[in-house]
Amino acid sequence: MVMSVILAAGKGTRMRSDLPKVLHRLMGSPILEYVIEKVEALGCDPKAVVVGYRQELVRAAFTERGITWAHQADQKGTGHAASVGMEAAPGFTGDVLILNGDLPLLEMATLEGILQRHRQSKADVTVLTCEMIRPTGYGRIIRDKKTGSLQDIREDKDADEATRAIREANVGTYVFKAPVFRDAFLRTRCDNAQGEYYLTDVVVEAARSGARIETFPVPDGPQIHQINSRREQAEVSAIIRKRLLEEHMDAGVTVEDPLTTYIEKGVRIGRDTRIYPYTYIERGTEIAPGCEVGPFAHLRPGTFLREGASIGNFVEIKASEIGERTKARHLTYIGDAQVGSDVNIGAGVIFANFDGKKKSRTIVKQRAFIGSGTILVAPVSIGEEAVTGAGAVVTKNHDVPDRDVVIGVPARSLHRKEG
Ligand code: UD1
Ligand code: CA
């Protein structure tokens, strides 16, 4: 059984942010989510995550995922963080996979590969390495000139010119035999540029005491990207964005212009749906087959478009279900609504869902016709085949019966005398 420890206690100083680095988002999902998903897929048990800086925020973002939280009160370095993570399972004597929390693109095959290499070579410690074209910012692997074995890992900050010229670098993922880690950590010191207990020094201490150190090299590429800065965050986001669009296209979705289309992680789209340019679809959105979305549409969390729905330019939808073949083609806001099938929503319609204190729901039943410029003040419901005239303001709790026609401000029925 493999235990995992994800290091996520740091502030992420180089992000220049009040938010913990691992909570910064990549296409709608926190950086840490991408790492947690991988240890879940590997079946690691326990899955420890080390938190510290604003830990309550990090914990709240990942409830119900079977995580064993470990608290690193002071950020004394990656080695110290790893030891705190291992305290989550004090009796554990198997292999422990230790991952930096800022490596969202690591591939499953790489993690499976390093675990396999570690076991097959009967190593005490295995380090993920990479010959990088641009190793700046990574610890460099220093090897013994004669034997080629790993001798030291030197941080960029602690390195001289000659060491900086080394292109083999430490990716930030390790497998340790748990007892070897514990033993080497006891001997690890913090006499470096940052005054921290480096995880890399735990590796080196283990090597000095005769432990068997293996390296598992991966080719240079996106998966080794760490996120230390906002620039790196943007680079990784761009890679993920492209991949997500490709997945949708492979599943039968037309994306007219991938360069201007943003579809966050956690969006489901049915086949033969067409997404037009300049569209932004947030996580937690579901789109049935055969819909049209955009150009310039914005779908926010909780949007569900049923089959054949058509959402046009400058339409924003949030937490709403839109029925089959229903159209909202121009300049509309729909929030907290249940809209039936074959409804026509004219230009400039606003679902006024917020009264300044609370949000309320709007129901629009099938085949209703919502005239241009209508404002529906929630909570309110519009009956089947009912019509609202252009510019009507349907005030809260003044439900419009089936097949009624209402006009004006506030909207009144054309069919009945006002009583
Ligand atoms: C680390 C490695 C470096 C490697 C690089 C690649 C060390 C000393 N250096 O450097 O060799 O090339 O990753 O990814 O390990 N963290 C804690 N507690 C702490 C400090 C950090 O939990 O006290 C966490 C951070 O939240 C982060 C991870 O550990 O998720 C890595 O820390 P970071 O500061 O990004 O390390 P690097 O300087 O990038
Ligand atoms: Ca890092």
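Up top you'll find the structure we're talking about.
Please read these numbers as outputs of a predicted model, since none were measured by experiment.

### As for the overall build of the protein chain
Step number 1: Secondary structure summary: the protein chain contains eight helices and 34 strands in total.
Step number 2: The C-alpha atoms of the protein chain give a radius of gyration of 28 Å, which is well past the 22 Å a tight globule of 419 residues would have.
Step number 3: With respect to the three principal axes, the spread of C-alpha positions in the protein chain is 95 × 40 × 35 Å.
Step number 4: Counting over 419 residues, the protein chain shows a buried share of 52%.
Step number 5: Excluding contacts between residues fewer than 6 apart, the proportion of contacts in the protein chain whose partners are at least 24 apart in sequence is 45%.
Step number 6: The centroid of the 56 positive side-chain charges in the protein chain is displaced by 2 Å from the centroid of its 55 negative side-chain charges.

### Thoughts on the side chain of Thr-173
Step number 1: By the element assignment, Thr-173 lies in strand S10 (residues 168–177).
Step number 2: When neighbours within four sequence positions are excluded, Thr-173 is seen to be in contact with Leu-97, Ile-98, Leu-99, Leu-103, Leu-106, Leu-111, Ile-114, Thr-126, Val-127 and Leu-128.

### Digging into the pattern of salt bridges
Step number 1: All chains considered together, the criterion is met by 28 salt bridges.
Step number 2: In this structure, Arg-140 and Asp-156 form a salt bridge, with 2.6 Å as the shortest nitrogen-oxygen distance. A residue pair is termed long-range when its members are at least 10 positions apart, and Arg-140 in strand S8 (residues 140–143) and Asp-156 in the loop between strand S9 (150–154) and helix H5 (161–164) qualify at 16 residues.
Step number 3: With a relative accessible area of 16%, Asp-156 lands in the buried category.

### Looking at helix H1 (residues 31–42)
Step number 1: Of all the positions in H1, only Ile-31, Leu-32, Glu-33, Tyr-34, Val-35, Ile-36, Lys-38 and Val-39 are classed as buried.
Step number 2: Backbone geometry just downstream of H1 places Gly-43 in the positive-phi region, at approximately 75 degrees.

### Remarks on the side chain of Lys-318
Step number 1: Secondary-structure assignment places Lys-318 in strand S21 (residues 310–318).
Step number 2: Setting aside chain neighbours within four positions, we find Lys-318 in contact with Arg-300, Pro-301, Thr-303, Tyr-333, Ile-334, Gly-335, Asp-336, Asn-353 and Lys-359.

### Some points on the site of ligand 1
Step number 1: Taken together, the neighbourhood of ligand 1 is formed by 24 residues, with Leu-7, Gln-72, Thr-78, Glu-155 and Asn-170 sitting nearest.
Step number 2: One nitrogen or oxygen atom from the side chain of Thr-78 is found 2.7 Å from an oxygen atom belonging to ligand 1.
Step number 3: Here an oxygen atom of ligand 1 sits 2.8 Å away from a polar atom, N or O, in the main chain of Gly-139.
Step number 4: Notes on ligand 1: free accessible area 760 Å², of which the protein chains cover 93%.
Step number 5: Secondary structure elements with two or more residues in the shell around ligand 1: helix H3 (78–86) and S10.

### Some thoughts on the sheet that holds strand S27 (residues 362–364)
Step number 1: Spatially, S14-S17-S20-S22-S24-S27-S30 is the arrangement adopted by the seven strands of the open sheet, whose pairing is parallel. Taken across any chain shown, the strands that pair with only one partner, and hence form the sheet edges, are strand S14 (267–269) and strand S30 (380–382).
Step number 2: Here strand S20 (residues 304–305) runs beside strand S22 (residues 321–322); their pairing, made up of two bridges, is parallel. Following the sheet pairing, Phe-304 is matched in S22 by Glu-321.

Cut-off values and rules
- By convention here, each chain's residues receive numbers from 1 onward along its written sequence.
- Whichever chain is written first becomes A and whichever ligand is written first becomes 1, with later ones labelled in order.
- Residues qualify for local features only when their pLDDT is at least 70, as the model is predicted, and side-chain atom pairs are given and counted only at 80 or more; totals for whole chains, interfaces and linings, by contrast, use all residues.
- Water and hydrogen atoms were dropped before computing side-chain values, which therefore reflect all heavy atoms in the structure.
- Helix and strand definitions follow DSSP, with helices as H or I runs of at least four residues and strands as E runs of at least two, each counted in order from the N terminus.
- Only C-alpha atoms enter the radius of gyration; for comparison, a globular chain is expected to reach 2.2 Å times N to the power 0.38, where N is the number of residues.
- Throughout, exposure labels follow a simple rule: accessible area from a 1.4 Å probe, protein chains only, divided by the maximum for the residue type, with under 20% read as buried, over 50% as exposed, and the rest as partly exposed.
- We call two residues in contact whenever any of their non-hydrogen atoms come within 4.5 Å of each other.
- Under the convention used here, Asp and Glu are negative, Lys and Arg are positive, and both His and the chain ends fall outside the count.
- Note that the charge is assigned to NZ on lysines, CZ on arginines, CG on aspartates and CD on glutamates.
- The working definition used for a salt bridge is a side-chain nitrogen of Lys or Arg within 4 Å of a carboxyl oxygen of Asp or Glu.
- Any residue with a non-hydrogen atom lying within 4 Å of a molecule or strand is treated as near it.
- Distance and chemistry together define a polar contact, namely a pair of N or O atoms within 3.5 Å, with one atom able to donate a hydrogen and the other to accept it when in protein, and with adjacent residues in sequence counting only for side-chain atoms on both sides.
- Residue-level accessible areas treat just the shown protein chains as cover; the underlying method is Shrake-Rupley with a 1.4 Å probe.
- Each pair of strands is called paired provided DSSP finds at least two bridges between the two strands.

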